[in-house]
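Spelled out, the chains give:
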Amino acid sequence: MSKRILVESSFTERIQVKDCEIKRTVLPTKGINYLDDDTNAYSYEEEDEKANMYFEYNNEELYSFLEEIHKEHCLMPEVIFTHKTVDKQILFTSGEEKHQRIYYNEISLALHAKKGVEDKQCFNGFGFTNQPITKKQMYDLYNLLALQIGDVDSCIDISDATYEIILGPEVAGVFIHEIIGHMCEYDNGSSIMQSISHSITEDFTVIDDPTSPNLWGSYEFDDEGIQGQKTVLFEKGIFKNFLHSEASAHAMNTTPNGHARSLNYQFRPIIRMSNTYLETGHISFDEMVATIPYGIVALTSSGGMLKRDVFKLNVLSGIMIERGKLTQKTGSFSIWGKVDDVLKKICGIGDTALTCSGQGCYKLKQGPLPVSFSAPHIHIKSVLITKK
């Protein structure tokens, strides 16, 4: 059997802006991982000049954005702007070679405000592969955060209780990634996944697709050299497929689907998601809201977690629903539940989705691994909500 060696080179430029000061750092690395034996990976640094031979970015859009924000606005954001070039080669002892180069561009912004003695922060970001980030996109993100930070003083706290809820597209995307996606990784969900796809709405179709162009989790082949494949996880409410590495596919007597990924050459590939999305349904957001006598819309999220079959979603902001109307904005809260129980309570899937590209997954401390997720609104009949 032909053995494989992963050779990875990368060059990262990181521009950090805080208190109107700009700090630029660069990090070139190169390393090898012998994928099919127990030899440890090793690495060495290259000279900046040599790495720059294949690394050229124009940061004028970023600097123009910062200059205009400084002149026109009183709230100056903290900014982290990252460019990364990654070259990967899989060398086979049979003589075959595979090569891919991916350009990552990412920005994150944070704004701060005071609520009493507390320091409140709103933050968000996004990223793409193989395409630049424009100044318009930076402004759109800044304006969204400025709107959120301006609402801090008017937010109400909510009581611990069971609520009818609509997950906004950002929170729904986190739900799809953290709960559905991780459960469909064979090493995470093989013991329980096939038993829970009963009584789920037929609108529930979830797909993971590393071949989607320009998204944060996109790639041509995984870190075992297997071609990335679009994989249907759920179709019309029925569980269909796991995400596999070569070893897990062999254990299930099936074909690997190109989902063995590593954070970098220092780690062995494990089963990971890429770009995971819930397909749109047929209900508008306004129609969902109109059916709810008392409930909550979860608007923004700071992530979540899954432990066996119990999940938690962290929500940063929401808005109350009373008699089918949107009313007061809320502060942060957490959503809890058992996966099978909550899936059965999904009663509507929205007709418009939002893609969150530029996210990081931290499975087994290999993070932030580039992933993206996308989802429309999800209407859940009842779920436990607690204060953070």
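Residues numbered from 1 in each chain as written. Predicted model: local features only at pLDDT ≥ 70, side-chain atom pairs only at ≥ 80, totals over all residues. Heavy atoms only, no water.

Here we take up a nonpolar patch on the surface. A surface patch of nonpolar side chains, about 240 Å² in accessible area, is lined by Val 310, Trp 336 and Leu 384. Within the fold, Trp 336 resides in strand E17 (residues 333-338). (Patch = residues over 30% accessible without salt bridge, like charges linked within 9 Å, V, L, I, M, F, W, Y side chains within 5 Å. Areas by Shrake-Rupley, 256 points an atom, 1.4 Å probe, with all protein chains shown as cover. Salt bridge = Lys/Arg side-chain N within 4 Å of Asp/Glu carboxyl O. Helix = DSSP H or I, 4+ residues; strand = E, 2+ residues; numbered from the N terminus.)

With the rule as written, the count across this model stands at 12 salt bridges. A salt bridge links Asp 341 to Lys 345, with the nearest nitrogen and oxygen atoms 3.2 Å apart.

Moving on to the pairing of strand E1 (residues 4-18). In terms of residue burial, E1 counts as a mostly covered element, since 11 of its 15 residues are buried. Bridging between E1 and strand E4 (residues 78-92) involves 14 bridges; their strand directions are antiparallel. When the sheet's bridge partners are listed, Gln 16 is paired in E4 with Ile 80. Where E1 meets strand E2 (residues 21-34), 14 bridges bridge the pair, whose relative direction is antiparallel. Within E2, the position partnered with Thr 12 by the bridge is Leu 27. As consecutive antiparallel partners, E1 and E2 are separated by 2 residues, and within that stretch Asp 19 has a phi angle of approximately 55°, a positive value. (Buried < 20%, exposed > 50% of the residue type's maximum accessible area, 1.4 Å probe, protein only. Pairing = 2+ DSSP bridges.)

Moving on, we get to the packing of aromatic side chains. Under the definition given, this model contains 10 aromatic pairs. Consider the rings of Phe 65 and Tyr 139, whose centres lie 5.2 Å apart with planes at 90°: the pair is edge-to-face. Here Phe 65, found in helix H2 (residues 60-72), pairs with Tyr 139, found in helix H3 (residues 135-150); they are 74 residues apart in sequence, far enough to count as distant. Overall, Phe 65 belongs to the buried group, its relative accessible area being 0%. Looking at Tyr 139, the relative accessible area reads 17%, which means it is buried. Where Tyr 104 meets Trp 216, the ring centres are 5.1 Å apart and the plane angle is 80°; that geometry is what we call edge-to-face. On the criterion of sequence distance, the pair formed by Tyr 104 in strand E5 (residues 97-115) and Trp 216 in the loop between strand E8 (206-208) and strand E9 (231-235) is long-range, its members being 112 residues apart. (Phe/Tyr/Trp six-rings, centres within 6.5 Å; stacked < 30°, edge-to-face > 60°.)

In this section: H2. In an α-helix, one turn spans 3.6 residues, which is why side chains three or four residues apart end up on the same side. With 13 residues, H2 should cover 18 Å at 1.5 Å per step; its first-to-last C-alpha distance of 18 Å lies within 8% of that length. Looking at H2, one finds that the buried residues are Leu 62, Phe 65, Leu 66 and Ile 69. Buried positions in H2, seen along its axis, are confined to an arc of 95° and lie on one side of it. Opposite the packed face of H2, turned more than 90 degrees from it, sit the exposed residues Glu 60, Lys 71 and Glu 72. (Expected span 1.5 Å × (residues − 1). Arc of directions from axis to C-beta.)

Put simply, the protein chain has an average pLDDT of 87, and 88% of its residues get 70 or more. This stretch, residues 47-55, has a pLDDT under 50; its non-local contacts, to residues over four places away or in other chains, come to 19 contacts. (pLDDT = per-residue confidence, 0-100. Contact = heavy atoms within 4.5 Å.)

With that settled, the discussion passes to the environment of Gln 359. Position of Gln 359 among the secondary structure elements: in strand E18 (residues 346-361). The spacing of Gln 359 and Phe 373 is 14 residues in sequence and 8.0 Å in space, taken between C-alpha atoms. If near-sequence neighbours (up to four positions away) are discounted, Gln 359 is found in contact with Gly 125, Trp 216, Leu 369, Pro 370, Val 371 and Phe 373.

What follows deals with the environment of Lys 312. As for its placement among the helices and strands, Lys 312 is situated in strand E15 (residues 310-322). Residues Lys 312 and Phe 175, 137 residues apart in the sequence, show an inter-C-alpha distance of 9.0 Å. Ignoring sequence-local partners within four residues, the contact set of Lys 312 consists of Gly 304, Met 305, Ser 334, Ile 335 and Trp 336.

Okay, the nonpolar core next. Ranked by internal contacts, the top residues of the largest apolar core, which has 44 residues, are Ile 165, Leu 167, Phe 175, Ile 180, Phe 204, Ile 335 and Ile 378. Among the elements that line this core, the one with the most residues is helix H4 (residues 169-183), at 8 residues. Discounting residues that sit within four places of it in the chain, Leu 167 has contacts with Ala 172, Phe 175, Ala 298, Ile 335, Pro 376, His 377, Ile 378 and Ile 380. Grouped together as the second largest cluster of nonpolar side chains are 21 residues, Ile 15, Phe 65, Leu 111 and Cys 122 included. (Core = buried A, V, L, I, M, F, W, Y, C linked by side-chain atoms within 4.5 Å.)

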